[in-house]
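Structural overview
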Amino acid sequence: MAVCLRTSRAIINCLQSKVGLLSMISQSSCWSSLTHHCEPTFSSLRAQNVRDPDANFCDKATLYSSRRFESVKAEKQFNSPDEVDHYQILDFPGGKVAFTSEMRFISESPVERAHCYRVLDNDGQLILRSKFKKVSEEMAIKMYSDMVTLQTMDAFFYEAQRQGRISFYATTIGEEAINIASAAALTFDDLVFPQYREPGVLLWRGFTLKEFANQCFGNKADNGKGRQMPIHYGSNKHNYFTVAATIATQLPHAVGAAYSLKMDRRNACVITYFGDGGTSEGDFHAALNLAAVREVPVIFLCRNNGWAISTPTTDQFRSDGVVVKGRGYGIRSIRVDGNDALAIYSSVHAAREMAISEQRPILIEALTYRVGHHSTSDDSTKYRPVDEIEWWRSARDPVARFRKWIESNGWWCSEAESELRNNVKTQLLQAIQEAEKVEKSPLAELFTDVYDVPPLNLSEQEKLLRETIRRHPQDYPQDVPI
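The name an unreviewed UniProt entry assigns to the protein is 3-methyl-2-oxobutanoate dehydrogenase (2-methylpropanoyl-transferring), from the organism Carya illinoinensis. A UniProt comment under Subcellular location (unreviewed entry) is attached to the protein, and it reads "Mitochondrion matrix".

Shown next as structure tokens:
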């Protein structure tokens, strides 16, 4: 304690004599004495907290406020004063920083773009010397079957919307591999925070075609009781958090959930999905920063499909895509071919292992293309060439590519293909016909499940709605129980 008091007084005297901070640190031993005798080192406390996620955060706060700088020492002595600044080291939070006498700005873009990991070429053949996580025949067939099911489901529900049977729909055409392969690399205990283009993850986890139909038709069998737009799925049973239409709001939620898993010492991680447009939202940046600082087990999977509705990525950011943004926040990142199921499966599998074992966030940028329109409210031919869409549909189709690979292994044939597609179509037709006949949820369900006792303003709104329907019955659906 006496050493701490003496050194503290020495620091105050230095400051009062108007000696510069950096000069004081480099010339005096008082700061290093204070740090060595009064508190544990930054590296030892950090290591302790990694091992113990429940470590007292007050200790961290005290550490940062009182020990932001350690001593600055020259690596070795030099005869020339001009050489000292060039080799001096500043021990700054986050690591040592070397000084230089040269004025050099960090380039705004790399000489070479970040590479994209892939395993299968466009013809479904393994690339020579490719490294990937092996999948069994059973796993590969299930992955392919679910990709076909997702593709077929999109076609059926899209047509149902065009026929006026449901109000809205958005397809995942061209992005089936991201959906199914990423889901296959996770475990059921992992939590999913989706956007609105990941129904394949839910399909993989056992959500039935009938449940998909119930949600799109908004009947009383729907988990959300018909209160959500179509495709805004959610299922507690499948650890799949309900989709929100607002862009990127799921990202901070995912980080919070991952922090909870870490505090509970669960052997699980969180995965959250978003598009390239989501990276233009503040929630994206806040989520990545918090995840990195708190070191939580979360996987950020960005589907960079080139378009945020009609806005191309060139109008969103000047950086080399999304993958480089991870490094800016101190997050390990990888760019992957989003139309290669094996590459997606391998990268998500590896990301999950690192996220859990090392308690760290991982960013995956999956390069892909949205072959379908953004939604049934969009006509993408108004802002992008038709031949561009068709090229991606024919030459880069992830479903066809994966089929070629399982066929080359002798795991699939044309007879199995026909049987699969016929079965899926039959099940979908039945699911749609049944869901269409199920009664809608009562009007009162609009005002439940939030408050134990509804507040006065909600009761007044319900009363007003009922009165309006009675006055204008022709403007409201007849199949909703009043």
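Still more to cover.
Let's shift gears to the nonpolar core. Residues M143, F157, Y169, F212, Y233 and F402 are the most contacted members of the largest nonpolar core, which totals 71 residues. By residue number, the principal contributor to this core is helix α7 (residues 137-162), which donates 10 residues. Those residues in contact with Y169, other than ones at most four positions away along the chain, are M153, D154, F157, Y158, Q161, C216, I231, Y233, S375 and T376. Counting residues in hydrophobic clusters, the runner-up holds 25 residues, among them L288, F317, V322 and L363.

Inspection of the secondary structure puts D190 in the loop between α8 (176-184) and β3 (191-193). Judged by relative accessible area, which is 0%, D190 ranks as buried. At a separation of 2.8 Å, a polar atom in the side chain of D190 contacts the main-chain amide nitrogen of T187. Excluding its chain neighbours within four sequence positions, the residues that come into contact with D190 are R205, N239, A268, C269 and R352.

The next subject is the packing of α7 against helix α17 (residues 414-437). Relative orientation and spacing of two packed helices are given, respectively, by the angle between their axes and the distance between those axes. Look at α7 against α17: their axes get within 10 Å of each other, and the N-to-C directions meet at 45°. Classed by the angle they form, the pair α7 and α17 counts as oblique. By crossing handedness, the relation of α7 to α17 is classed as right-handed. Along its contact with α7, which presents Y144, S145, V148, T149, Q151, T152, M153, F156 and F157, the element α17 presents E417, L420, R421, V424, K425, L428, L429 and I432. Here the contact of α7 with α17 is built from residues that sort into 10 nonpolar, four polar and three charged.

It is at 12 Å that the axes of α7 and helix α10 (residues 209-217) come closest, and there the two elements cross at 30°. As the angle between them shows, α7 and α10 are arranged roughly parallel. Helix-helix and strand crossings are classified by hand; for α7 and α10 the assignment is right-handed. Residues T149, M153 and F157 of α7 form the contact with α10, whose participating residues are L209, F212, A213 and C216.

How each quantity is defined
- Residues numbered from 1 in each chain as written.
- Predicted model: local features only at pLDDT ≥ 70, side-chain atom pairs only at ≥ 80, totals over all residues.
- Heavy atoms only, no water.
- UniProt positions renumbered as here; feature names shortened; annotations may be inferred.
- Core = buried A, V, L, I, M, F, W, Y, C linked by side-chain atoms within 4.5 Å.
- Buried < 20%, exposed > 50% of the residue type's maximum accessible area, 1.4 Å probe, protein only.
- Helix = DSSP H or I, 4+ residues; strand = E, 2+ residues; numbered from the N terminus.
- Contact = heavy atoms within 4.5 Å.
- Polar contact = N/O pair within 3.5 Å; in protein donor to acceptor, adjacent residues only side chain to side chain.
- Axes fitted to C-alpha atoms, helices over the stretch in contact; angles between N-to-C directions.
- Parallel < 35°, antiparallel > 145°, perpendicular 65-115°, else oblique.
- Left-handed = near helix turned anticlockwise from the far one by under 90°.
- Nonpolar A, V, L, I, M, F, W, Y, C, P; charged D, E, K, R; others polar.

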